[in-house]
Amino acid sequence: MKKPIGLKIDIPEGSKITTIKASDELRAFFENERKNKKQINDYITEFLGGKKVFNKANDIFTKAMTDSLPSNLAKDCLYCKGDSKDESDKKCSKYYMQMGLTYDVAAQSFVQIIFANSHIRNNKEQLKALTINFFKCFRWVKGQGLVFLDLEKLCRHALNSGFLSLSQLFAQSEALQNIEVLNNSLDNVNDESMNNKVLLKEDENYLELQKEFFENKMRFYKEKLKLQKESKLLKDKPKKTKKDKVTKPTTPQYALYYYYLQEGREYPYFENHPEGKIQAIEEVLNKEGLQTSAKYFQIKYNFIANYKTNRVAKNQKKNIDFVANTMLNDYKKPREIAISELSEIINRYK
């Protein structure tokens, strides 16, 4: 369990916070340093996607600081009552300073987490979501002007964003390449876990969760590779002569067929089946006499259903043409949708 980040300033009774005026040369030096070097809030702004979102988050944070101040603070404040023009007499200075310092330290730690996980930093969607969660991990102590960062919760958000980012990266790569990367990652996790056991060190990197994630992905991509090999064997089978050949739809064509039926409201979506998506697909395989696994059919279906760019790709022209003009002849609305997408492919690749 990671300890929260938080600072508290203790000032002896009767003392106050004062500022030391710097020379013009020293002020100019620090101003020049600030201009030439990226500040922590510059990174936070970048992670959030721009100043508009950062300003909104900053306004919420500032209001939370004000709301957490001790009650009746202004009652004994010489500055607030107008009895002093010296800002060091402000009663709220200590509280704003300790909350501001907590934010600075927490933000530094957060930026370090991002730089240590390039797959998150390169995924703009996950990076923004994680940065929003960074602000949500602050905990305020009302009436005491204190705030702390729940570092344990933030690290778990970071772990989740990392898993989601890696999943998207894997989805863009070949199964065999992913298996090699996953195998190396598992080996690294196992080495680190063994090192912790030998040296009696606490696991600070959630190794068991990492191991579970990598093992699950390994199983998935091994199965996918197996299905790809089976698919290649089917494609490489000797073709029948024209005399003996019977045109039977392929699995990808059946996937398109049921996708258009569903879009045309002629067949229920698989996920609406009372016993789940896999059972719905099993029923389709039995009904159509398809000699393939539910997992393989699901992969082909998800490939065209989840991403339109896959469905209207140039290599899908032949499949959509066959489905629209052979399989969907008795279904008006589904056929219209299929014809529309076929026309889109034809126009795009003239």
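Residues numbered from 1 in each chain as written. Predicted model: local features only at pLDDT ≥ 70, side-chain atom pairs only at ≥ 80, totals over all residues. Heavy atoms only, no water.

Description of the overall build of the protein
Short version of the rule: Secondary structure elements are taken from DSSP: a helix is a run of H or I of four residues or more, a strand is a run of E of two residues or more, and numbering for both begins at the N terminus. Throughout, the radius of gyration refers to the C-alpha atoms, and the reference size of a globule is 2.2 Å times the residue count to the power 0.38. Throughout this description, buried means an accessible area under 20% of the type-specific maximum (1.4 Å probe, protein chains only), exposed means over 50%, and partly exposed covers the range between. The contact rule is simple, with two residues in contact once any of their heavy atoms fall within 4.5 Å. Using the Shrake-Rupley algorithm and a 1.4 Å probe, accessible areas are obtained, with residue cover drawn only from the displayed protein chains. Here the positive residues are Lys and Arg and the negative ones are Asp and Glu; neither His nor the chain ends is included. To locate a charge, take atom NZ for lysine, CZ for arginine, CG for aspartate or CD for glutamate.
Helix and strand counts for the protein come out as 16 helices and three strands. Its C-alpha atoms give the protein a radius of gyration of 30 Å, more than 25% over the compact-globule value 20 Å for 350 residues. Projected onto the principal axes, the alpha-carbon positions of the protein cover approximately 105 × 55 × 45 Å. Counting over 350 residues, the protein shows a buried share of 35%. In the protein, 69% of the contacts between residues at least 6 apart in sequence involve partners at least 24 apart. Counting every atom, the protein has about 23,000 Å² of accessible surface; 51% of that belongs to carbon and sulfur. The distance from the centre of the 61 positive side-chain charges to the centre of the 46 negative ones in the protein is 6 Å.

Focus: helix 2 (residues 40-48)
If you check which residues of helix 2 are buried, you get Ile40, Tyr43, Ile44, Thr45, Phe47 and Leu48. On its buried face, helix 2 sits against helix 3 (51-67), helix 5 (93-115), helix 6 (118-121) and helix 7 (124-136). At the C-terminal side of helix 2, Gly49 shows a positive phi close to 95°.

Some words on the packing of helix 15 (residues 317-327) against helix 16 (residues 332-348)
Which entries qualify depends on this criterion: Fitted lines through C-alpha atoms give the axes, limited to the stretch in contact for helices. The angle between two N-to-C directions lies from 0 to 180 degrees. When an angle is under 35 degrees it counts as roughly parallel; over 145 it counts as roughly antiparallel; between 65 and 115 it counts as roughly perpendicular; any other value is oblique. Handedness of a crossing follows from how the near helix is turned relative to the far one, being left-handed for an anticlockwise turn of less than a right angle and right-handed for a clockwise one. Three classes are used, and their members are as follows: Ala, Val, Leu, Ile, Met, Phe, Trp, Tyr, Cys and Pro are nonpolar, Asp, Glu, Lys and Arg are charged, and the others, Gly among them, are polar.
Closest axis-to-axis distance for the helix 15/helix 16 pair is 9 Å, and the angle between their directions is 150°. On the basis of their axis angle, the class for helix 15 and helix 16 is roughly antiparallel. Read as a crossing pair, helix 15 and helix 16 show a hand that is left-handed. Contacts between helix 15 and helix 16 involve Lys317, Ile320, Asp321, Ala324 and Asn325 from the former and Arg335, Ala338, Ile339, Leu342, Ile345 and Ile346 from the latter. Tallied by class, residues from the contact of helix 15 with helix 16 come to seven nonpolar, one polar and three charged.

Quick notes on the environment of Thr45
When you line up the elements, Thr45 lands in helix 2. For Thr45, a relative accessible area of 13% gives the class buried. C-alpha separation for the pair Thr45 and Glu215, spaced 170 residues apart in sequence, amounts to 35 Å.

Digging into the confidence of the model for the protein
To be explicit about the condition: The pLDDT value tells you how sure the predictor is about a given residue, anywhere from 0 up to 100.
Here the protein averages 89 in pLDDT, while 93% of its residues score no lower than 70. Mean pLDDT values over the elements of the protein span from 69, in helix 1 (residues 24-36), up to 97, in helix 7.

Quick look at the pairing of strand 2 (residues 138-141)
Spelled out, the test is: Whether two strands pair depends on DSSP finding at least two bridges between them.
Bridge count for strand 2 against strand 3 (residues 146-149) is four bridges, and the pairing is antiparallel. Residue pairing in the sheet places Arg139 in a bridge with Phe148 of strand 3.

With respect to the side chain of Asn319
The condition that has to hold: Nitrogen and oxygen atoms within 3.5 Å of one another constitute a polar contact, given that in protein one can donate a hydrogen and the other can accept it, and given that sequence-neighbouring residues count only through two side-chain atoms.
Tracing the backbone shows Asn319 in helix 15. A relative accessible area of 15% means that Asn319 is categorised as buried. For Asn319, the side chain forms a polar contact with the side chain of Gln253, separated by 3.1 Å. Other than its neighbours up to four places away in sequence, Asn319 contacts Thr250, Pro252, Gln253 and Leu256.

Some words on the pairing of strand 3
Look at any regular strand and the pattern is simple: side chains alternate between the two faces of the sheet. In this structure, strand 1 (residues 5-6) lies alongside strand 3, joined through two bridges in antiparallel fashion. Bridging from a neighbouring strand, Ile5 pairs with Leu149 of strand 3. Remark: four residues form the turn of the hairpin made by strand 2 and strand 3, two consecutive strands paired antiparallel; Gly143 in that turn has positive phi of roughly 85°.

A look at the packing of helix 2 against helix 5
Viewed as axis vectors pointing N to C, helix 2 and helix 5 meet at an angle of 55°, and their least axial separation amounts to 10 Å. One way to sum up the angle between helix 2 and helix 5 is to call them oblique. The hand of the helix 2/helix 5 crossing is left-handed. Of the residues in helix 5, those touching helix 2 at Ile40, Asn41, Tyr43, Ile44 and Phe47 are Tyr103, Ala107, Gln108, Phe110, Val111, Ile114 and Phe115. Of the residues contributing to the contact of helix 2 with helix 5, the split by class is 10 nonpolar, two polar and no charged.

Quick look at the packing of aromatic side chains
Defined as follows: By convention, a stacked pair of Phe, Tyr or Trp rings (six-membered ring in the case of Trp) has centres within 6.5 Å and planes under 30 degrees apart, an edge-to-face pair has planes over 60 apart, and any other such pair is tilted.
On inspection of all chains with the given rule, the structure shows 23 aromatic pairs. Seen from their ring centres, Tyr43 and Phe115 are 5.4 Å apart, and the 90° between their planes marks the pair as edge-to-face. With Tyr43 in helix 2 and Phe115 in helix 5, the pair connects residues that are 72 residues apart, well separated along the chain. For Phe115, a relative accessible area of 40% puts it in the partly exposed group. Judged by centre distance (5.4 Å) and plane angle (70°), the ring pair of Tyr259 and Tyr260 falls under edge-to-face. Tyr260 matches Tyr259 in its accessibility class, with the two residues each being buried. Through a chain of ring-to-ring contacts, the aromatic side chains of Tyr43, Phe47, Phe61, Tyr103, Phe110, Phe115, Phe134, Phe135, Phe138 and Trp140 assemble into a single cluster.

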